[in-house]
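Fold and geometry: a report
Below are the chains, spelled out letter by letter.
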Amino acid sequence: MTFTNDDTCPVCGLSRDLGLCVCESMAQQEQKVTVKLERRKWGRIYSIIRFENPGEIDISDLATKLKSKLACGGSAKNKQIELQGDHSLVLEDLLTGLGFPRDNLEVNYEVPQRKRARN
Ligand SMILES: [Zn+2]
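Residues numbered from 1 in each chain as written. Predicted model: local features only at pLDDT ≥ 70, side-chain atom pairs only at ≥ 80, totals over all residues.

To continue, consider the overall build of the chain. Within the chain one finds three helices and five strands. Reading the chain from its N end, one meets helices and strands in the order α-β-β-α-β-β-α-β. C-alpha extents for the chain along the principal axes are approximately 70 × 35 × 25 Å. The 119 residues of the chain split such that 15% are buried. Taking the intrachain contacts of the chain between residues at least 6 apart in sequence as the baseline, contacts between residues at least 24 apart amount to 47%. (Helix = DSSP H or I, 4+ residues; strand = E, 2+ residues; numbered from the N terminus. Buried ≥ 20, exposed ≤ 12 C-beta atoms within 10 Å, placed from the backbone. Contact = placed C-beta atoms within 7 Å.)

Here's what the structure looks like:
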C-alpha cells in the first residue's frame, strides 16, 4: 500500500499542504457573517460571530486566532464563534484582516437589556 502526504483539494485540484487551495479564501469572500453581542448568565457579555454557510472555513482555527488576538476565552461550535466580552470596537477590523470583506459583515452591537427578576 502506498501512502501519500499530498493533500490535494478535490474541489479546486490544488495542494492544501502547500497552501495553494483557494477554496477557503473563496468561501470567506462570499461568506455572510453576522456579528452581535449577547448577554448571558450573570450579565456577562459575549461577542457572537455567526457564519451563514461556513463550508470550507475552519471555524475552530478562526476562533483560536481571534482568541489569541483578543486575549479572551471563547468557543467554536457549528456555525458560530462565541468570544467572552464585548469586542465590538475591534471585531470588524479583525475579521476584515482575516479575509472577510467588510461588505459581507452584518453588525448589530445593540446589547440586549438584562432581564428583570420576576418575583
Ligand atoms: Zn480547494
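Attention now moves to the confidence of the model for the chain. Per-residue pLDDT for the chain averages 89, and the proportion of residues at 70 or more is 92%. The weakest mean pLDDT in the chain belongs to helix H1 (residues 23–30) at 88; the strongest belongs to strand S4 (residues 80–84) at 97. (pLDDT = per-residue confidence, 0-100.)

Core analysis: the largest hydrophobic core is formed by 13 residues, its most contacted members being Val33, Val35, Ile49, Leu66, Ile81, Leu83 and Leu95. The greatest single-element share of this core, amounting to three residues, is contributed by strand S2 (residues 45–51). Those residues in contact with valine 35, other than ones at most four positions away along the chain, are Ser47, Ile49, Leu91, Leu105 and Val107. (Core = buried A, V, L, I, M, F, W, Y, C linked by C-beta atoms within 7 Å.)

A few words now on unusual backbone geometry. Non-glycine residue tryptophan 42 carries a positive phi angle of around 55 degrees. By the element assignment, tryptophan 42 lies in the loop between strand S1 (33–39) and S2. The class for tryptophan 42 is exposed, based on 6 C-beta atoms found within 10 Å. Unusually for a residue other than glycine, asparagine 78 sits at a positive phi of about 45 degrees. Along the chain, asparagine 78 turns up in the loop between strand S3 (74–77) and S4. A residue is classified by how many C-beta atoms lie within 10 Å of it, and asparagine 78, with 9 of them, is exposed.

Relative to the helices and strands, alanine 71 is located in the loop between helix H2 (59–70) and S3. Taking C-alpha positions, alanine 71 is 33 Å from cysteine 9, a pair spaced 62 residues apart along the chain.

What follows concerns the pairing of S2. Inspection of the sheet shows S1 paired to S2 by seven bridges, in the antiparallel sense. The residue bridging valine 33 from the neighbouring strand is phenylalanine 51, located in S2. Once S1 ends, the chain turns through five residues before running back antiparallel as S2, passing tryptophan 42 with a positive phi of about 55 degrees. When S2 meets S4, the two strands line up antiparallel, connected through five bridges. Along S4, the bridge assignment pairs isoleucine 49 with isoleucine 81. (Pairing = 2+ DSSP bridges.)

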